[in-house]
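Residue strings, one per chain:
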Amino acid sequence: MAAPHDINHLVSGNPRVMVVDGSKLVRKLIGDVLRKELPEAEIIACAGLIEAQAALAAAPVDLVTTALSLPDGDGEAVARAVRTASGQAYVPVIVVSGEAQSRLEARSLGEDVTDYFDKALGHQALAAFVRGYVRPQPIAGARVLYVEDSRTVAAATKRILAAQGLEVVHVLSAEDALEYLHEHRPKRDRETGAELGSDVGVDIVLSDVYLKGVLSGRELLSQIRSAFGYGKRRLPVLVMTGDDNREKQGALLREGANDLVLKPIEERLLVTKLLFQLRVAAMPEQKEMGA
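Residues numbered from 1 in each chain as written. Predicted model: local features only at pLDDT ≥ 70, side-chain atom pairs only at ≥ 80, totals over all residues. Heavy atoms only, no water.

Chemist: Outline the overall build of the protein chain, supporting the account with residue identities and numerical values.
Modeler: Scanning the protein chain for helices and strands turns up ten helices and twelve strands. Its C-alpha atoms give the protein chain a radius of gyration of 20 Å, near enough to 19 Å, the size a compact globule of 291 residues would have. Within the span of the protein chain, comprising 291 residues, buried residues form 49% of the whole. Counting contacts in the protein chain only where the partners sit at least 6 residues apart, residues at least 24 apart contribute 69% of the total. Approximately 13500 Å² of the protein chain is accessible, and the part contributed by carbon and sulfur atoms is 52%. (Helix = DSSP H or I, 4+ residues; strand = E, 2+ residues; numbered from the N terminus. Rg over C-alpha atoms; globule rule 2.2 N^0.38 Å. Buried < 20%, exposed > 50% of the residue type's maximum accessible area, 1.4 Å probe, protein only. Contact = heavy atoms within 4.5 Å. Areas by Shrake-Rupley, 256 points an atom, 1.4 Å probe, with all protein chains shown as cover.)

Chemist: Would you mind going over helix α5 (residues 123-134) in detail, with residue names and values included?
Modeler: Along its twelve residues, α5 runs 16 Å from first to last C-alpha, staying within 8% of the 16 Å computed at 1.5 Å per residue. Among the twelve residues that make up α5, ten are buried, leaving the element largely enclosed by the rest of the structure. Of the positions making up α5, those classed as buried are His-123, Ala-125, Leu-126, Ala-127, Ala-128, Phe-129, Val-130, Gly-132, Tyr-133 and Val-134. Lining the buried residues of α5 we find α1 (24-37), β3 (63-67), β6 (93-97), β7 (115-118) and α10 (267-282). (Expected span 1.5 Å × (residues − 1).)

Chemist: Provide a residue-level description of the side chain of Arg-16, including the pertinent values.
Modeler: Note that Arg-16 resides in strand β1 (residues 16-20). There is a polar contact of 3.2 Å between the side chain of Arg-16 and the side chain of Glu-42. Look past the residues within four positions of Arg-16 in its chain and what remains in contact with it is Glu-42, Ile-44, Ala-59, Pro-60, Val-61, Asp-62 and Leu-63. (Polar contact = N/O pair within 3.5 Å; in protein donor to acceptor, adjacent residues only side chain to side chain.)

Chemist: Outline the side chain of Thr-157, supporting the account with residue identities and numerical values.
Modeler: Tracing the chain through its elements places Thr-157 in helix α6 (residues 151-162). Residues contacting Thr-157, with those up to four places away along its chain left out, are Tyr-146, Leu-206 and Leu-270.

Chemist: Run through the packing of aromatic side chains, naming residues and quoting values.
Modeler: In the structure shown here, the tally under the stated rule is four aromatic pairs. Each ring, one from Phe-129 and one from Phe-276, has its centre 4.5 Å from the other, and the planes form 65°; the classification is edge-to-face. Of the two residues, Phe-129 sits in helix α5 while Phe-276 sits in helix α10, which places them 147 residues apart along the sequence. Here the aromatic residues Phe-117, Phe-129 and Phe-276 are joined through ring pairs into a cluster of three or more. (Phe/Tyr/Trp six-rings, centres within 6.5 Å; stacked < 30°, edge-to-face > 60°.)

Chemist: Describe the pattern of salt bridges, listing the residues and the values that go with them.
Modeler: Applying the stated criterion across every chain yields a total of twelve salt bridges. Put simply, Asp-32 and Lys-28 hold a salt bridge, and the shortest N to O gap is 2.7 Å. Residue Asp-32 and its partner Lys-28 are both found in helix α1; the two are separated by four residues, about one turn of the helix. Each of Lys-28, Asp-32 and Arg-35 takes part in a single network of salt bridges with overlapping partners. (Salt bridge = Lys/Arg side-chain N within 4 Å of Asp/Glu carboxyl O.)

Chemist: Provide a residue-level description of the nonpolar core, including the pertinent values.
Modeler: Ranked by internal contacts, the top residues of the largest apolar core, which has 25 residues, are Leu-145, Val-205, Leu-220, Ile-224 and Leu-235. Contributions of two or more residues to this core are made by β8 (143-147), α7 (174-183), α8 (217-225), β11 (237-241) and α9 (246-254). No other element matches the five residues that α7 contributes to this core. For Leu-145, the contacting residues outside a window of four places in its chain are Val-169, Val-171, Ala-177, Tyr-180, Leu-181, Val-202, Ile-204, Val-205 and Leu-206. (Core = buried A, V, L, I, M, F, W, Y, C linked by side-chain atoms within 4.5 Å.)

Chemist: If you had to explain the environment of Pro-138 to someone new, which residues and values would you point to?
Modeler: Mapping Pro-138 onto the fold places it in the loop between α5 and β8. Each C-alpha atom, one on Pro-138 and one on Pro-71, is 38 Å from the other, the two residues being 67 residues apart in sequence.

Chemist: Give me the lowdown on the environment of Phe-129, citing residues and values where you can.
Modeler: Judged by relative accessible area, which is 2%, Phe-129 ranks as buried. The spatial distance from the C-alpha of Phe-129 to the C-alpha of Lys-273 is 8.3 Å, given a sequence separation of 144 residues. Phe-129 has contacts with Ile-94, Asp-115, Tyr-116, Phe-117 and Phe-276, leaving out every residue within four places of it along the chain.

Chemist: Give me the packing of α5 against α10: which residues, what numbers.
Modeler: Viewed as axis vectors pointing N to C, α5 and α10 meet at an angle of 155°, and their least axial separation amounts to 9 Å. In this view, α5 runs roughly antiparallel relative to α10, as classed from their interaxial angle. With respect to the hand of their crossing, α5 and α10 are arranged in right-handed fashion. Where α5 approaches α10, its residues Ala-125, Ala-128, Phe-129, Gly-132 and Tyr-133 are matched on the opposing element by Leu-269, Thr-272, Phe-276 and Arg-279. For the contact of α5 with α10, the class distribution of residues is six nonpolar, two polar and one charged. (Axes fitted to C-alpha atoms, helices over the stretch in contact; angles between N-to-C directions. Parallel < 35°, antiparallel > 145°, perpendicular 65-115°, else oblique. Left-handed = near helix turned anticlockwise from the far one by under 90°. Nonpolar A, V, L, I, M, F, W, Y, C, P; charged D, E, K, R; others polar.)

Structure, rendered in C-alpha cells:
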C-alpha cells in the first residue's frame, strides 16, 4: 500500500497547542492527555481570554482549543483574537464545550471557529480529535459507503480517501446506498429476534445531501437512523452540503448526522472529520469532561 498522503494542517514539527479553559483542573487534564498523545507538542495553558491574547501576542501557535464559556469572555472571542493576531489567520480553533452540539445545531457558532468538540465524549476522544489536526493517522481498511451522483467529484474524493488507506464503496444514489445496507444488515435469530453479529457492512457513511433519484441524502440519513435503527456510534453519517442555509444545516444535525462538511470540500477538514468519527465509533463510552 502506498504511503498515506500527508494532509497535516500544521507546518511545525513541534506544534504549539494553546488550551484555553477557566478550570485549572480541565486545563491540566487536557494538557496531560495531549502531552501523552503528542509528545512533540508544546502546550500553552490559558485561564481565559486575556491570557490567550497575551500568549498570541508573544508567539504564534499552531492550534487552539477553547471552552465556550470563559471567566472573562467566551470561546468565540478567543477565535476572533486568533484571527486578528499576526500570522494566525489560518490556525485551527476548536471549541470544546458541553454546549457545542446545541450551538452547532442552531448554527450559532461564528465563522472564526474551525470546528467543535462535544466534551461529553471525554478527554481521550479530544486527544484523538486534536491529533487528527496535528498528525492525522490513517485507519487502514476502514470502509466508507460514499454516496455521490457526480462521477467527476466522486473520482477526486475517492482518491483522497484511498490515500488514507480507506476502502471506498461508491454508489450513485440514496436508493443504491439503502440497497447495500439492506444486503449487509445483520441476520436475526428467528426465536429471539436478536441480531446475529454487529457488522453492518461499512464503518461510516459519507453522503451528499442533493442526489439524483427519488431520495435525498437527508432521507437516506432518516432511514439509517429510524428504519435501520443505527445510532451515531454504530454507523456514523457524515453529510456533505453546499447549502449555506443555517436552518437546513442544523436540521441535518438534529436528525442524526454526526457532522457536516461544507462544500466546496476542503481535503484536510474532510479527512480529519471522517477519521475522527471512525475513531469515536470504536472508542468505549467515556465520562464527560469537567472540573
